[in-house]
Amino acid sequence: MSNTDPHDAPVPAPGTVSSADEVTIRRAPKFGVFIIGGALVGFLVTLVVISLTMNLDRGDQQETQSFGSLVGYFGLWGVAIGGFVGALVAIVLDRVLSRRAARLTAERVEVEMPPETVEGEIEDHGDQPRP
């Protein structure tokens, strides 16, 4: 185990500029994943509900709709509602995780690179050419 003190920072090299910035580190949900996941779950729930209620006795009504047409129609509603619920879950999760955010101080170091010269390059020192 080494005895390093965080206050014993290395001395910056000449030509560097250092500044301290306060940053926030937190986890954030990916909203697109939650929306697409909610839409998929909504479609699957719609599919299960239609499958379970397809063979119910409806009395005198004749069945004119097929399974595919019912899934297509109600699937649109299931996808929309599921996507909306997925977005709400992502927003709530984002709010909860933002409370756990940690504020830290980060040091930004900008290093100024010396101008590049190629070995053997003739440098112009402002001398006047001889006539």
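This is a predicted model, so every value here is computed, not measured.

J.: Talk me through the side chain of Asp94; I want residue IDs and the actual numbers.
T.: Considering the arrangement of structural elements, one finds Asp94 in helix 2 (residues 67–99). Residue classification places Asp94 among the buried residues on the basis of a relative accessible area of 14%. At 2.8 Å, the side chain of Asp94 and the side chain of Arg26 are in polar contact. Discounting chain neighbours no more than four positions away, the residues touching Asp94 are Arg26, Ala28, Pro29 and Phe31.

J.: Explain the side chain of Thr46 to me, using residue names and the numbers behind them.
T.: One can find Thr46 in helix 1 (residues 31–53). A relative accessible area of 11% places Thr46 in the buried class. Residues contacting Thr46, with those up to four places away along its chain left out, are Phe74, Gly75 and Gly78.

J.: Provide a residue-level description of the packing of aromatic side chains, including the pertinent values.
T.: Summed over all chains, the structure comprises one aromatic pair. A ring pair is formed by Tyr73 and Phe74, whose centres lie 5.0 Å apart and whose planes are at 75°; its orientation type is edge-to-face. Classification of Phe74 by relative accessible area gives partly exposed; the value is 39%.

J.: Hey, could you go over helix 1 for me, with residue numbers and the actual values?
T.: End to end, helix 1 covers 33 Å across 23 residues, agreeing with the expected 33 Å (1.5 Å per residue, within 8%). For helix 1, the complete set of buried residues consists of Gly38, Ala39, Gly42, Thr46 and Ile50. Of the surrounding elements, those touching the buried residues of helix 1 are helix 2.

Cut-offs and rules
- Residues numbered from 1 in each chain as written.
- Predicted model: local features only at pLDDT ≥ 70, side-chain atom pairs only at ≥ 80, totals over all residues.
- Heavy atoms only, no water.
- Helix = DSSP H or I, 4+ residues; strand = E, 2+ residues; numbered from the N terminus.
- Buried < 20%, exposed > 50% of the residue type's maximum accessible area, 1.4 Å probe, protein only.
- Polar contact = N/O pair within 3.5 Å; in protein donor to acceptor, adjacent residues only side chain to side chain.
- Contact = heavy atoms within 4.5 Å.
- Phe/Tyr/Trp six-rings, centres within 6.5 Å; stacked < 30°, edge-to-face > 60°.
- Expected span 1.5 Å × (residues − 1).

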